[in-house]
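Understanding the architecture of this molecule
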Amino acid sequence: MSEHIDELRAEVVDACRRLADAGLVLGQAGNVSARAGELIAVTPTGGRLATVTEDEIAIVDLHGTLVDGPLQPTSELPLHLAVYGGFDAGAVVHTHPTMATAVACVADELPCIHYGLLALGGNVRVARYATFGTDDLAASVAEALEGRTAALMGSHGAVTYGDDLQAALDATELLEWACGVYVHACACGTPRILDEAERRAVAEAFSTYGPQATEPSGISAEPPA
Ligand SMILES: [Zn+2]
């Protein structure tokens, strides 16, 4: 295995620790993967994200065939493969966080109640329930992810993807936070949903948002008034 694959395994383990430390997974729940070219590093079946080690991380190809590793990949491998197959994903995170799972147990979607959700694509759909580890579940989640980087999974949990593990982890944390806000908001009233014009304005604002260099001290691009 190349040095790059070793790095990928280390990154997956680091992401697992962060999810466990943040309380986003319980026991053996949750699985994480990251892709480098034609190979995917993925957590093993039955593994605990809090204690999984680099040498336990399975390496599979894009068809799910085990290439390296002492343990079989997660039973949710079809879900991970469906995300890589359908979207431009560099990493996939599947968890059972409390607030996201609570919403996924009762709702058809997490409505766009906060502008931050536009970073995930807006309202987050709840994928139709199917038995864990099945191709049926993978297809249901892939459908719910259309145009989004996050989906809730009916009576199950959440899945997010991103260009890399950092982006996928950020999306999971944002989704869990937003689901918490939604649950609290529903407890004290009817949350307002951002309309189309408000969403467009946010998308425009996002396009110019971020760290921006200031003019060097003492030099002004504008003529003095
Ligand atoms: Zn699960």
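Residues numbered from 1 in each chain as written. Predicted model: local features only at pLDDT ≥ 70, side-chain atom pairs only at ≥ 80, totals over all residues. Heavy atoms only, no water.

Some words on the coordination of the zinc ion
The line we're drawing: A donor here means any N, O or S atom no more than 2.8 Å from the metal (3.2 Å for Na, K and Ca); water is not included, so a site may seem to lack partners. Here the term buried applies to any residue with accessible area under 20% of the maximum for its type, exposed to any over 50%, and partly exposed to those in between, with areas from a 1.4 Å probe on protein chains only.
Here the zinc ion is held by His94 (NE2), His96 (NE2) and His156 (NE2), and the distances to it run 2.1 Å. Read N to C, the donor residues that coordinate the zinc ion are spaced as H-x1-H-x59-H. A residue is classified by how much of its surface remains accessible, and His96, at 31% relative accessible area, is partly exposed.

Observations concerning a nonpolar patch on the surface
Which entries qualify depends on this criterion: Note that patches include only residues with greater than 30% relative accessible area and no salt bridge, and the join distances are 9 Å for like charges and 5 Å for nonpolar side chains (Val, Leu, Ile, Met, Phe, Trp, Tyr). Computed with a 1.4 Å probe, the accessible areas rest on the Shrake-Rupley method; for each residue, only the protein chains presented here act as cover. By convention in these notes, a salt bridge is any Lys or Arg side-chain nitrogen within 4 Å of a carboxyl oxygen on Asp or Glu.
A contiguous nonpolar surface patch, about 380 Å² in accessible area, is contributed by Tyr115, Phe206 and Tyr209. We classify Phe206 as partly exposed; its relative accessible area is 33%.

Quick word on the layout of surface pockets
What counts here: Using a grid of 1 Å spacing that covers the protein atoms alone, one calls a set of points a cavity when a 1.4 Å probe fits there but cannot get out, and a pocket when the set is open and has protein on both sides within 12 Å along at least five of seven lines; lining residues are those with an atom within 4 Å of a point. Grid points are joined across faces, edges and corners, and a volume is the space filled by probe spheres set on the points. Helix and strand labels come from DSSP, where a helix needs a run of H or I of at least four residues and a strand needs a run of E of at least two; each type is numbered from the N terminus.
Estimates place the volume of the largest pocket at around 190 Å³. Lining the largest pocket are 16 residues, with Gln28, Gly30, Asn31, Ser75 and Glu76 positioned closest to its centre. Here the second largest pocket is characterised by a volume of approximately 150 Å³. For the second largest pocket, the full set of lining residues is Asp88, Ala119, Leu120, Thr149, Tyr161, Gly162, Asp163, Ala167, Asp170, Ala171 and Leu174. Of all the secondary structure elements, the ones that give two or more residues to the lining of the second largest pocket are strand 9 (157-162) and helix 5 (165-188). Per element, the largest residue contribution to the lining of the second largest pocket is four residues, and it comes from helix 5.

A short note on the nonpolar core
Inclusion rule: In this text, buried Ala, Val, Leu, Ile, Met, Phe, Trp, Tyr and Cys residues form a nonpolar core when linked through side-chain atoms within 4.5 Å. Residue contacts follow a heavy-atom distance rule, with two residues in contact if any of their heavy atoms lie within 4.5 Å.
Ranked by size, the top nonpolar core spans 23 residues in total, and within it Val83, Val141, Leu145, Val159 and Tyr161 carry the most contacts. Put simply, the parts of the chain that give this core at least two residues each are strand 2 (39-42), strand 3 (58-61), helix 2 (77-86), helix 4 (135-144), strand 8 (150-153) and strand 9. Take this core: its biggest share by element is five residues, from helix 2. Among all residues touching Tyr161, those that are not within four sequence positions of it are Val83, Phe87, Asp88, Ala89, Ala91, Val92, Leu145, Arg148, Thr149 and Ala168.

Side note on the packing of helix 3 (residues 98-106) against helix 5
Defined as follows: Axes here refer to lines fitted to C-alpha atoms; in helices the fit is confined to the stretch in contact. Angles between the N-to-C directions go from 0 to 180 degrees. Here is the rule for angles: anything less than 35 degrees is roughly parallel, anything more than 145 is roughly antiparallel, 65 through 115 is roughly perpendicular, and the remaining ranges are oblique. The crossing is said to be left-handed when, going from far helix to near helix, the turn is anticlockwise and less than a right angle, and right-handed when the turn is clockwise. Each residue receives one of three labels: charged for Asp, Glu, Lys and Arg, nonpolar for Ala, Val, Leu, Ile, Met, Phe, Trp, Tyr, Cys and Pro, and polar for the others, Gly being one of them.
Between helix 3 and helix 5, whose axes approach to 7 Å, the crossing angle comes to 60°. Considered as vectors, helix 3 and helix 5 are oriented oblique to each other. Taken as a pair, helix 3 and helix 5 cross one another with a handedness that is left-handed. Residues Thr98, Met99, Ala100 and Val103 of helix 3 pack against Glu176, Cys179, Gly180, Tyr182, Val183 and His184 of helix 5. Its residues assigned to classes, the contact of helix 3 with helix 5 shows six nonpolar, three polar and one charged.

Some words on the pairing of strand 7 (residues 124-127)
The cut-off we apply is this: Strand pairing follows a simple DSSP-based rule, namely that at least 2 bridges must link the two strands.
Where strand 6 (residues 109-110) lies against strand 7, two bridges are found, and the strand directions are antiparallel. The residue of strand 7 that forms the bridge with Glu109 is Arg125. Two elements, strand 7 and strand 8, share two bridges in a ladder whose sense is parallel. Its bridge partner being in strand 8, Ala127 is matched across the sheet by Met153.

Details of the sheet that holds strand 4 (residues 66-68)
Spatially, 4-3-2-1-5-9-8-7-6 is the arrangement adopted by the nine strands of the open sheet, whose pairing is mixed. Looking at which strands have only one partner, the edges of the open sheet turn out to be strand 4 and strand 6. Bridge analysis of strand 2 against strand 3 gives four bridges, and the strand direction is antiparallel. Note on strand 3: the bridge partner recorded for Ile40 is Val60. Its contacts with the sheet place helix 1 (residues 3-21) against strand 1 (31-36), strand 2, strand 3, strand 4 and strand 5 (91-95), and it is angled at close to 150° to strand 1.

Thoughts on a negative patch on the surface
The criterion, for reference: A positive count includes Lys and Arg, and a negative count includes Asp and Glu. His and the chain ends are not counted in either. Just so you know, the charge point we use is NZ for Lys, CZ for Arg, CG for Asp and CD for Glu.
Together, Glu3, Asp6, Glu7, Glu11, Asp14, Glu54, Asp55, Asp88, Asp163, Asp164, Asp170 and Glu173 make up a negatively charged patch on the protein surface. For the negative patch, the element with the highest residue contribution is helix 1, accounting for five residues.

Considering the confidence of the model for the protein chain
Rules: Values of pLDDT, the confidence the predictor places in each residue, fall between 0 and 100.
Summary statistics for the protein chain give a mean pLDDT of 93 and a share of 95% for residues scoring 70 or more. Ignoring residues within four places in sequence, the model shows residues 218-225, a span with pLDDT below 50, making one contact including any to other chains.

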